[in-house]
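Spelled out, the chains give:
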Amino acid sequence: MAAGPRLVLPALLLALLCLRGRGQGQGFGQTRFVCTSVPLDGDVCAASAPGGGGSAEELRSTVLQLRETVLQQKETIVNQKDTIRELTAKLGRCESQSVLEPGDSKGGGAGRKGGFAKNTMGDLSRAPAAETLSQLGQTLQSLKTRLENLEQFSRMNSSSQTNNLKDILQNKIDDLEKQVLSRVNSLEEGKYNPKNESEERGKIESTLTSLHQRISDLEKGQKDNRPPDRFQLTFPLRTNYMYAKVKKSLPEMYAFSVCMWIKSSASPGMGTPFSYAVPGQANELVLIEWGNNPMEILINDKVAKLPFVINDGKWHHICVTWTTRDGVWEAYQDGTQTGNGENLAPYHPIKPQGVLVLGQEQDTLGGGFDATQAFVGELAHFNMWDRKLSPGEVYSLATCSTRALAGNVIAWAEANIDIYGGATKWTFEACRQLN
């Protein structure tokens, strides 16, 4: 706003003061106040003296101008207040939707759960439509790869039923690809309605889940001749709906060893290979590599950083052992101890009757998954014991020795695992390559 209008009102007050000063010898009731328009560079007191000129019409015009200026300034202030209120409300909404609270740190020990506290089951639905379409495209590609494997199997095992099922599934995948392509075209032409995104995405995911189940049933013909532990789980996408659940819970444990084969090249961070939650504590036992942090083991929300270097797209065998006495832990990679420490949740027994999930981090008991913390890669031979394994026992597991023991708490077997959301089972090949 220009400087002129703001100076008119003070000038008028000064003129009134000057006139009041000239009539000090008289009583207040006899004093006359004369309003005179004064230039910005003029002498206020001289111009306001009696007889200084200025008709009544000019004075009236000045008063009206001053009144208009005051009203304009008042309207501007009101508008600015409304704008400030609107921006404050928008900022509040943005802050309330933030996944991580300010000051939260994933490596912050007991305070770590601050970033996990929200139920983020809806995060993926809020992702941009293009990102959702990309993930659906990757899922379709995974289905096509599995069908190609089935084709090779059917060529070696001629079966009209297998071929018919394969053709039906191939046609359904082609139809889904057309739907995804149609959505891409709608986005490019600006015709896509984001209100329908969640509904359409839900329909396609339902169809995908059905396809995964039918393909899995078809693949059973390939599994009949393999040992019950010769399989791996594949999580091709970073979602909040692909996971596997171990049917058996854990007992109360004062020590444990957990070992697995793992393969991933996901960046940043491969996510959460497994999480165990109990009532009142979602971080009872968690293995996670989140963001740019190193892999960590959490016990009762206490954290130890693990010296693993495994994010290279190759199979690696890892083990973590722990005892409640002094919280002593050891970490093994490919059969060799790479790190150890103590004071990790000392004298805290692992609580029983929880939920053990592979591939997702739990914010609530059995759920509350966050896509940003999901595991991406392949996982096999997840075994758990209620004691500390010896270095020799760990080495036998890492070298696929026939003397290697299965977990006495959790043993890797297809009958012990349920899969959801499109996570898939394949034949495990890493040990075959070593032998």
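## Notes on the overall build of the chain
(1) Moving on: A count of helices and strands for the chain gives eight helices and 14 strands.
(2) Moving on: The buried share of the chain, taken over its 435 residues, is 43%.
(3) Moving on: Here the contacts in the chain between residues at least 6 apart in sequence split such that 70% fall between residues at least 24 apart.
(4) Moving on: A total of about 22500 Å² of accessible surface is found on the chain, and carbon and sulfur atoms cover 52% of it.

## A few points about helix α7 (residues 391-398)
(1) Moving on: Of the residues making up α7, those classed as buried are V394, S396, L397 and A398.
(2) Moving on: Among the residues trailing α7, C400 stands out with phi positive, at a value near 55°.

## Structural notes on unusual backbone geometry
(1) Moving on: Note the cis peptide between S267 and P268, where omega equals -5°.
(2) Moving on: Residue placement: P268 occurs in the loop between β3 (255-263) and β4 (271-278).
(3) Moving on: A positive phi angle, close to 65°, is found at D326, a residue other than glycine.
(4) Moving on: Position of D326 relative to the elements: it lies in the loop between β8 (316-323) and β9 (328-333).
(5) Moving on: One non-glycine residue, N343, lies in the positive phi region at around 65°.
(6) Moving on: Residue classification places N343 among the exposed residues on the basis of a relative accessible area of 58%.

## Points about the confidence of the model for the chain
(1) Moving on: When pLDDT is averaged across the chain, the result is 74; 51% of the residues are at 70 or more.
(2) Moving on: Of the regions scoring below 50 in pLDDT, residues 1-29 engages in 36 contacts with residues more than four places distant in sequence or in other chains.

## Here's the deal with the state of the cysteines
(1) Moving on: For the coordinates displayed, the defined rule picks out two disulfides.
(2) Moving on: Here C259 engages in a disulfide with C319; their sulfurs sit 1.9 Å apart. Judged by the torsion about the S-S bond (120°), the C259/C319 disulfide is right-handed. One end of the pair, C259, is in strand β3; the other, C319, is in strand β8, with 60 residues separating them in the sequence. Accessibility classification places C259 together with C319 in one group, the buried group.
(3) Moving on: Here C400 engages in a disulfide with C431; their sulfurs sit 2.0 Å apart. Taking the sign of the S-S torsion, -75° for the link of C400 and C431, the bridge is left-handed. One end of the pair, C400, is in the loop between α7 and β13 (417-420); the other, C431, is in helix α8 (residues 430-434), with 31 residues separating them in the sequence.

## A short note on the pairing of strand β10 (residues 336-341)
(1) Moving on: Judged from the five bridges that link them, β9 and β10 form a sheet pairing that is antiparallel. The residue bridging E330 from the neighbouring strand is N340, located in β10.
(2) Moving on: Counting the residues between successive antiparallel strands, the hairpin from β9 to β10 contains two residues, one of them, D334, with a positive phi of roughly 55°.

## Some remarks on the nonpolar core
(1) Moving on: Counting 46 residues, the largest nonpolar core has F274, L358 and F382 as the members making the most contacts within it.
(2) Moving on: Looking at this core element by element, the count peaks at four residues for β3.

## Considering the sheet that holds strand β7 (residues 302-305)
(1) Moving on: Strand order in the open sheet formed by seven strands is β7-β6-β5-β4-β11-β2-β13, with antiparallel pairing between adjacent strands. At either end of the open sheet lies a strand with only one pairing partner, and these are β7 and β13. Mean inter-strand twist for the sheet, computed between neighbouring axes without regard to direction, equals 20°.
(2) Moving on: Examined bridge by bridge, β4 and strand β5 (residues 281-289) share five bridges and lie antiparallel to one another. Looking at β5, one finds that V278 is bridged to Q281.

## Structural notes on the environment of G269
(1) Moving on: Summarising the element assignment, G269 is placed in the loop between β3 and β4.
(2) Moving on: Each C-alpha atom, one on G269 and one on I288, is 8.5 Å from the other, the two residues being 19 residues apart in sequence.
(3) Moving on: In this structure G269 touches R238, E289, G291 and N311, once residues within four positions along its chain are discounted.

## Description of the side chain of Q360
(1) Moving on: Along the polypeptide, Q360 turns up in the loop between β11 (355-358) and β12 (377-385).
(2) Moving on: Among the polar contacts listed, one links the side chain of Q360 to the backbone oxygen of T239, at a separation of 2.8 Å.
(3) Moving on: At 3.0 Å, the side chain of Q360 and the backbone oxygen of M242 are in polar contact.
(4) Moving on: If we skip the residues at most four places from it in the chain, Q360 touches T239, N240, Y241, M242, Y243, T272, F274, S275, F369, D370 and A374.

## Some points on the sheet that holds β12
(1) Moving on: With respect to topology, seven strands assemble into an open sheet ordered β10-β9-β8-β3-β12-β1-β14, the strand pairing being antiparallel. The sheet terminates laterally at β10 and β14 (424-427), the two strands that pair on one side only. The average angle at which neighbouring strand axes cross in this sheet is 25°, direction not considered.
(2) Moving on: Alignment of strand β1 (residues 231-235) against β14, held across four bridges, turns out to be antiparallel. The partner of Q232 across the bridge, within β14, is W426.

## Section: the pattern of salt bridges
(1) Moving on: Summed over the entire model, instances satisfying the criterion amount to six salt bridges.
(2) Moving on: Notably, a salt bridge pairs E378 with K263, separated by 3.7 Å at the nearest N-O pair. Taken together, the positions of E378 in strand β12 and K263 in strand β3 put the pair 115 residues apart, joining distant regions of the chain.
(3) Moving on: The buried category is assigned to E378, whose relative accessible area is 18%.

## Some remarks on the environment of A266
(1) Moving on: Within the secondary structure, A266 sits in the loop between β3 and β4.
(2) Moving on: With 47 residues separating them along the chain, A266 and G313 place their C-alpha atoms 8.1 Å apart.
(3) Moving on: Sequence-distant contacts of A266, defined by excluding residues within four places in its chain, comprise R238, N311 and V376.

What counts, and at which threshold
Along each chain, the written sequence defines residue order, and numbers are assigned to residues from 1. A pLDDT threshold of at least 70 governs which residues receive local features in this predicted model, and a stricter bar of 80 or more applies before side-chain atom pairs are shown or counted, although totals over entire chains, interfaces and linings include all residues. Side-chain measures here rest on the full set of heavy atoms in the structure, leaving out hydrogens and waters. For the purposes of this entry, the term helix denotes a DSSP run of H or I that reaches at least four residues, the term strand denotes a run of E that reaches at least two, and both are numbered from the N terminus. Partly exposed describes any residue whose relative accessible area lies between the buried limit of under 20% and the exposed limit of over 50%, with all areas from a 1.4 Å probe on protein chains only and scaled to the type maximum. Contacts were defined at the residue level, with two residues in contact if any of their heavy atoms lie within 4.5 Å. Areas reported as accessible are Shrake-Rupley estimates using a 1.4 Å probe. Residue values count occlusion only from the protein chains shown. A score from 0 to 100, pLDDT tells how confident the predictor is in each residue. For the purposes of this analysis, a disulfide is any pair of cysteine sulfur atoms at a distance within 2.5 Å. Pairs of strands are assigned from DSSP output, requiring at least two bridges between the strands. By nonpolar core is meant a set of buried Ala, Val, Leu, Ile, Met, Phe, Trp, Tyr and Cys residues that side-chain atoms within 4.5 Å join together. In this description, a line fitted to the C-alpha atoms serves as the axis of each element, helices being fitted only across the stretch in contact, and the angle between N-to-C directions of two axes falls anywhere from 0 to 180 degrees. N or O atoms closer than or at 3.5 Å make up a polar contact, with two conditions inside protein: a donor-capable atom paired with an acceptor-capable one, and, for residues adjacent in sequence, both atoms drawn from side chains. The term salt bridge refers to a pairing of a side-chain nitrogen on Lys or Arg with a carboxyl oxygen on Asp or Glu at a separation within 4 Å.

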